[in-house]
Amino acid sequence: MVNKITTATVIGLNAYRVFVEVDVLNSLPKMSIVGLPDTAINEARDRVRSAIKNSGFTFPSKKVVVNLAPADLKKEGSNFDLPIAMGILCEEEAVNSELLKDYAFLGELSLDGTLRGVNGVLPLVLGLKEAGVKNVVVPSVNSSEAALVEGINVYGAEHLCDVVNHFVETPLKQVHIDVSSYLKEKSQEEYLYDFKDVKGQQKAKRALEIAAAGGHNLLMIGSPGSGKTLMAKCFASILPPLELQEALELTKIYSICGLLSGDEPLMTKRPFRAVHHTASSNGIIGGGSNPKPGEITLAHRGVLFLDEMVEFPRNVLEVLRQPLEDGEIVISRAKNSIKYPAQFMLLGAMNPCPCGYLGDKEKQCTCSDYQINRYLSRLSGPLLDRIDLQIEVSRLTPQELMNANQEEESSASIRERVVKARKIQAERYKNDGILTNSELTSKLVKKYCQIDKPSSELMKVAVVKYQLSGRRYDRILKIARTIADLDGSKDILQNHLMQALQYRMFNKDEF
Ligand SMILES: Nc1ncnc2c1ncn2[C@@H]1O[C@H](COP(=O)(O)OP(=O)(O)OP(=O)(O)O)[C@@H](O)[C@H]1O
Ligand SMILES: [Mg+2]
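Residues numbered from 1 in each chain as written. Chains lettered and ligands numbered in written order. Predicted model: local features only at pLDDT ≥ 70, side-chain atom pairs only at ≥ 80, totals over all residues. Heavy atoms only, no water.

We now examine the overall build of the protein chain. Scanning the protein chain from N- to C-terminus turns up 22 helices and 18 strands. Dimensions along the principal axes, computed over C-alpha positions, put the protein chain at roughly 85 × 50 × 45 Å. The buried share of the protein chain, reckoned over its 511 residues, is 51%. If you take every contact in the protein chain between residues at least 6 apart in sequence, the share linking residues at least 24 apart comes to 74%. As displayed, the protein chain has an accessible area near 23800 Å², and 48% of this comes from carbon and sulfur atoms. A gap of 5 Å separates the mean positions of the 63 positive and 63 negative side-chain charges of the protein chain. (Helix = DSSP H or I, 4+ residues; strand = E, 2+ residues; numbered from the N terminus. Buried < 20%, exposed > 50% of the residue type's maximum accessible area, 1.4 Å probe, protein only. Contact = heavy atoms within 4.5 Å. Areas by Shrake-Rupley, 256 points an atom, 1.4 Å probe, with all protein chains shown as cover. Lys, Arg positive; Asp, Glu negative; His and termini not counted. Charge placed at Lys NZ, Arg CZ, Asp CG, Glu CD.)

Put into structure tokens, the structure is as follows:
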């Protein structure tokens, strides 16, 4: 008789149900796996044989054929060990196959039969639930992650014998987790870096607050030691907390990449991905022959921080242009194409010239015009055009530096204003399918960023004086909208617009 065991495989960010069919034939002892398995699944043959023997069961000394259906779907991952073993044990009548009908199995086996954790458990269990499966058995280390999915019973097991016993005498304990209260509790934890430890720099702090409130991209330009990297690290602490839906979406991504830890099954904070400038474009965008998400997808709903931005090779920076615009990336390979989400905020930091002191009040810059131009040409116009807020960060004055008594505002209180502004935006755009001002299309800018007559006059002057492009014009209105939201103002007033105009395009001649 052929036994059919349910499991799943991940493709992109989604999982699909897979049936593991096991048959034992009267032929020379051999085991074969068919149905587009990857190398890890093919190697399951040896692991499963040893695990079954070492758990005290008998492995058939006949030919074992394992078919992974549907046959045209490529399967990958080590979660097939347990379902294959269960199929064989049904053949050997160690378990009654009738009892396994409503169950799915995920898990890697070690040679002694212990169950090892696998990647992608959250999407796998979600996929199984959508396929109508009622119960799932997973390795204990993955059980809290699996329990994030509501509407499916989750059992965690340590050993192959425990799984068999579940159907024979001692049932496994069901795992529960209250997702919303877990998320609430965890998101209140303290951050490592806080704005209360950053002296002065009011202008930069304000720009970071606007960026966090409206989801805008930001670039900091300034001399060495001015605190750019420090403030960027503090930025994560003023971002609004994750909504449950966002947290689950992020957890799926991190689960597939194997970046979740067993005791923290849910992503509770917005990601802050600091990428080094030696990173390859594949590492940033994602890809490879077995496509995996890159840094921009790991930064989804959070921040991608490029420190020393001009040090990145130009081709690496250029690949960011499309995902910055679309909020997603499509990776096309010969056989299939996969879409990953990439709605991230870009945060950049750089010096204004190779020596770093262009525009510094105390130190003289030693670079030639040619050197400066060459240095800055690594940032292309189109990329700069996508960065809404560009600010100059100057070094602290000796007075500011030595003034230890001054109390700086904490991240928690800045975050309160950010959260309020985000709520206003979410309410306003609830029918437009966007969340923040930075996502406004030019059509929506016309609808939501109207300005009165005196403000239009002001914009007219600015357009002529700063030679603003069409895209730049829209961006200034978007920033003004965010400043008005932070102010709790329904309309964009003239002073909001004036503030927005301060963050105009970076221009080396102004240093
Ligand atoms: N405003 C500030 N308040 C408190 N400490 C500061 C401030 N600015 C700089 N520092 C101190 O100086 C150190 C260096 O700052 P940081 O690394 O942020 O400079 P940077 O602007 O990134 O310089 P570089 O251009 O060389 O990368 C910080 O770790 C911090 O200790
Ligand atoms: Mg730095």
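In space, the five strands of this open sheet follow the order E11-E14-E17-E10-E18, with parallel pairing throughout. Looking at strand neighbours, the two that pair on one side only are strand E11 (272–275) and strand E18 (389–393), the edges of this open sheet. The average angle at which neighbouring strand axes cross in this sheet is 15°, direction not considered. Across four bridges, strand E10 (residues 218–222) lies against strand E17 (residues 345–350) in parallel orientation. Counterpart to Leu 219 in the pairing with E17 is Gly 348. (Pairing = 2+ DSSP bridges. Axes fitted to C-alpha atoms, helices over the stretch in contact; angles between N-to-C directions.)

If you check the domain split of the protein chain, you get domain 1 (3–168) and domain 2 (186–431). Summarising the inter-unit geometry, the C-alpha centres of domain 1 and domain 2 are found 41 Å apart. On the domain 2 side, the residues contacting the 15 residues of domain 1 number 17 residues. Buried area between domain 1 and domain 2, summed over both chains or domains, comes out near 1400 Å², and the portion from carbon and sulfur atoms is 66%. Between domain 1 and domain 2 we count zero salt bridges in total. Inspection of the domain 1/domain 2 interface yields three residue pairs in polar contact (both at pLDDT 80 or more). Every element with two or more residues in the side of domain 1 that touches domain 2 is listed here: helix H4 (121–130) and helix H5 (143–146). Considering each element in turn, the side of domain 1 that touches domain 2 owes the most residues, four residues, to H4. Its residues placed into classes, the side of domain 1 that touches domain 2 shows eight nonpolar, five polar and two charged. (Domains from an automatic or database assignment. Buried area = accessible area lost by both parts, 1.4 Å probe. Salt bridge = Lys/Arg side-chain N within 4 Å of Asp/Glu carboxyl O. Polar contact = N/O pair within 3.5 Å; in protein donor to acceptor, adjacent residues only side chain to side chain. Nonpolar A, V, L, I, M, F, W, Y, C, P; charged D, E, K, R; others polar.)

Here the focus is unusual backbone geometry. Put simply, Ala 69 and Pro 70 share a cis peptide bond, and its omega is 0°. Of note, Pro 70 is situated in the loop between strand E4 (63–69) and helix H3 (81–91). Positioned with a positive phi, Glu 308 is a non-glycine residue whose angle comes to about 50°.

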